[in-house]
Amino acid sequence: MPTIDRLAPGDARDAESWDAFVMASPQATFFHRAGWQRLMREVFRHDTHYLYAHDEGRITGVLPLAHVNSVLFGNALVSLPFCAYAGVGAADAASAAALEAEAESLALRLGVQHLELRHLQRQHPEWPEQDLYVTFRKAILPEEEANMLAIPRKQRAEVRRALGFGLDVEIGRGARDLGAHYRVYAESVRNLGTPVFPRALFAEVLSAFGDDADILTVSHKGRPLASVLSLYHKGTIFPYWGGGVADARTWRANDMMYYALMLHARRDKGCTHFDFGRSKAGTGPAAFKKNWGFVPEPLHYQYKLRKLEAIPDLNPLNPKLKIFIEIWKRLPLSVANAIGPMIVKNLG
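Below you will find a few notes about this structure. (Residues numbered from 1 in each chain as written. Predicted model: local features only at pLDDT ≥ 70, side-chain atom pairs only at ≥ 80, totals over all residues. Heavy atoms only, no water.)

Description of the nonpolar core
- Phe31, Trp36, Leu231 and Trp241 are the most contacted members of the largest nonpolar core, which totals 50 residues.
- For tryptophan 36, the contacting residues outside a window of four places in its chain are Phe30, Phe31, Tyr50, Leu80, Cys83, Phe209, Leu231 and Trp241.
- Judged by nonpolar contacts, the second largest core, of 34 residues, contains Met148, Val159, Leu167 and Leu261. (Core = buried A, V, L, I, M, F, W, Y, C linked by side-chain atoms within 4.5 Å. Buried < 20%, exposed > 50% of the residue type's maximum accessible area, 1.4 Å probe, protein only. Contact = heavy atoms within 4.5 Å.)

Written as structure tokens, this is what we have:
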């Protein structure tokens, strides 16, 4: 049987071994990388428990966990807050079982209300599952025109229209890129009624993951209209934090942004796949991604309930949260940016 240990925060040598396993494992994703541990601890102030299975010194599985404990939003052990999928990544069934058993034991010791594991494939039919999120993934074709023609006709017309507006596309990782991205992103999520992440998150992502993270911004006459911070992992691009200001729709800036990103990912990063990320099923963002020709795939967020009889309903589609969302949309941007980071860290 494999032995279970924990990746100590700041242990560079073990973190390197952890990441070597992640890069070699078909089950592990970008969100399994060791760099997320620092982000969880330093940006969100969550205790972390990065479990790994090993056999004679060889890592055979990983399970990154964070403890989210909030008076308003509950007490949970999650793999991994704010990440689309980061459940068990293991080379064999024995390692997966040992990691899950340790996670359940840890949940008991911490006294959490539930353990939540986020996977691309269903792992435990008997565990309650949140039927909320879908993800969108497809191949990026080698030729530019082939990618254009792969976009369904109506959406393709929007992209061609955007190309005619003379918009500027800039890609980088510097302070100027970060500043433009945060201004656009903060306005975008406020307009959706969602608290914004702290700016430190995006700065830390760029620092932790180096060239595997960058920012693409679309501007008109020097004014940023749309911007996205993307992640790169094993030939796949994840446009993970993106948005546009109110005028972005007028200039088709979001359409320009994602088309330019596909070309950048293929040409400059050697990516062969585009992961459009998770969205809530039946929402506008999900429909937008389907318009691009992406087919939704269900995500399997499974729960081991301990002190609850049902899965907590903390998503924005909950009617009880509707009033809060409508109020948030009307907040001055400066106010939303000031208090948003204090709220969002506990949502996960």
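Points about the pairing of strand β10 (residues 213–220)
- For β10, the buried fraction is high: eight of the eight residues fall into the buried class.
- What you see with β10 is no split at all: Ala213, Ile215, Thr217 and Ser219 on one side and Asp214, Leu216, Val218 and His220 on the other are buried throughout.
- The antiparallel pairing of β10 with strand β11 (residues 223–233) creates a hairpin that spans two residues between the two strands, and lysine 221 there sits at a positive phi of about 55 degrees. (Helix = DSSP H or I, 4+ residues; strand = E, 2+ residues; numbered from the N terminus. Pairing = 2+ DSSP bridges.)

Comments concerning the packing of aromatic side chains
- According to the stated counting rule, one finds 30 aromatic pairs in the structure shown.
- An angle of 80 degrees between the planes, with centres 6.5 Å apart, marks the rings of tyrosine 258 and tryptophan 292 as edge-to-face. Residue tyrosine 258 is located in helix α8 (residues 253–267), and its partner tryptophan 292 is located in the loop between α9 (284–291) and β14 (296–298); the two are separated by 34 residues in the primary sequence.
- On the basis of relative accessible area, tryptophan 292 is assigned to the buried category, the value being 1%.
- Positioned over the ring face of tyrosine 133 is arginine 278, at 4.3 Å from the centre of the ring. (Phe/Tyr/Trp six-rings, centres within 6.5 Å; stacked < 30°, edge-to-face > 60°. Lys NZ or Arg CZ within 6 Å of the ring centre and 35° of its normal.)

Quick look at the environment of glycine 174
- Its location among the elements puts glycine 174 in the loop between β9 (168–172) and α6 (175–192).
- Separated by 81 residues in sequence, glycine 174 and aspartate 255 place their C-alpha atoms 24 Å apart.

Topic: helix α1 (residues 12–24)
- End to end, α1 covers 18 Å across 13 residues, agreeing with the expected 18 Å (1.5 Å per residue, within 8%).
- Ala15, Trp18, Phe21 and Val22 are the residues of α1 that are buried. One face of α1 carries all of its buried residues, which in axial projection span an arc of 120 degrees. Of the exposed residues in α1, those oriented more than 90 degrees away from the buried face are Ala12, Arg13, Glu16 and Ala24.
- Looking at the buried residues of α1, the elements they touch are β2 (47–55), β3 (58–70), β5 (89–90) and β11.
- The N-cap of α1, judged by a side-chain oxygen 3.3 Å from the amide nitrogen of arginine 13 a few residues on, is aspartate 11. (Expected span 1.5 Å × (residues − 1). Arc of directions from axis to C-beta. Polar contact = N/O pair within 3.5 Å; in protein donor to acceptor, adjacent residues only side chain to side chain.)

Side note on a nonpolar patch on the surface
- A cluster of nonpolar side chains, namely Val335, Ile339 and Met342, defines an oily patch on the protein surface of about 240 Å² accessible area.
- Assignment of secondary structure puts isoleucine 339 in helix α11 (residues 333–344). (Patch = residues over 30% accessible without salt bridge, like charges linked within 9 Å, V, L, I, M, F, W, Y side chains within 5 Å. Areas by Shrake-Rupley, 256 points an atom, 1.4 Å probe, with all protein chains shown as cover. Salt bridge = Lys/Arg side-chain N within 4 Å of Asp/Glu carboxyl O.)

What to know about the layout of surface pockets
- Space inside the second largest pocket adds up to approximately 490 Å³.
- Lining of the second largest pocket is provided by 29 residues; of these, Pro26, Gln27, Ala28, Thr29 and Leu120 occupy positions nearest its centre.
- Counting residues per element, the ones that place at least two in the lining of the second largest pocket are β5, α3 (93–110), β6 (114–119) and β12 (236–244).
- The element contributing the most residues to the lining of the second largest pocket is α3, with three residues.
- Looking at side-chain class alone, the lining of the second largest pocket contains twelve nonpolar, eleven polar and six charged residues. (1 Å grid on protein atoms, 1.4 Å probe; cavity = no way out; pocket = protein on both sides within 12 Å on 5 of 7 lines; lining within 4 Å. Points joined across faces, edges and corners; volume = space filled by probe spheres on them. Nonpolar A, V, L, I, M, F, W, Y, C, P; charged D, E, K, R; others polar.)

With respect to the packing of helix α5 (residues 153–163) against α8
- At a minimum axis distance of 8 Å, the contact between α5 and α8 shows a crossing angle of 95 degrees. Here α8 runs roughly perpendicular to α5, going by the angle between their axes. Counting all contacts with α5, which are made through Gln155, Glu158, Val159, Ala162 and Leu163, the residues of α8 involved are Asp255, Met256 and Tyr259.
- Split by residue class, the contact of α5 with α8 holds five nonpolar, one polar and two charged. (Axes fitted to C-alpha atoms, helices over the stretch in contact; angles between N-to-C directions. Parallel < 35°, antiparallel > 145°, perpendicular 65-115°, else oblique.)

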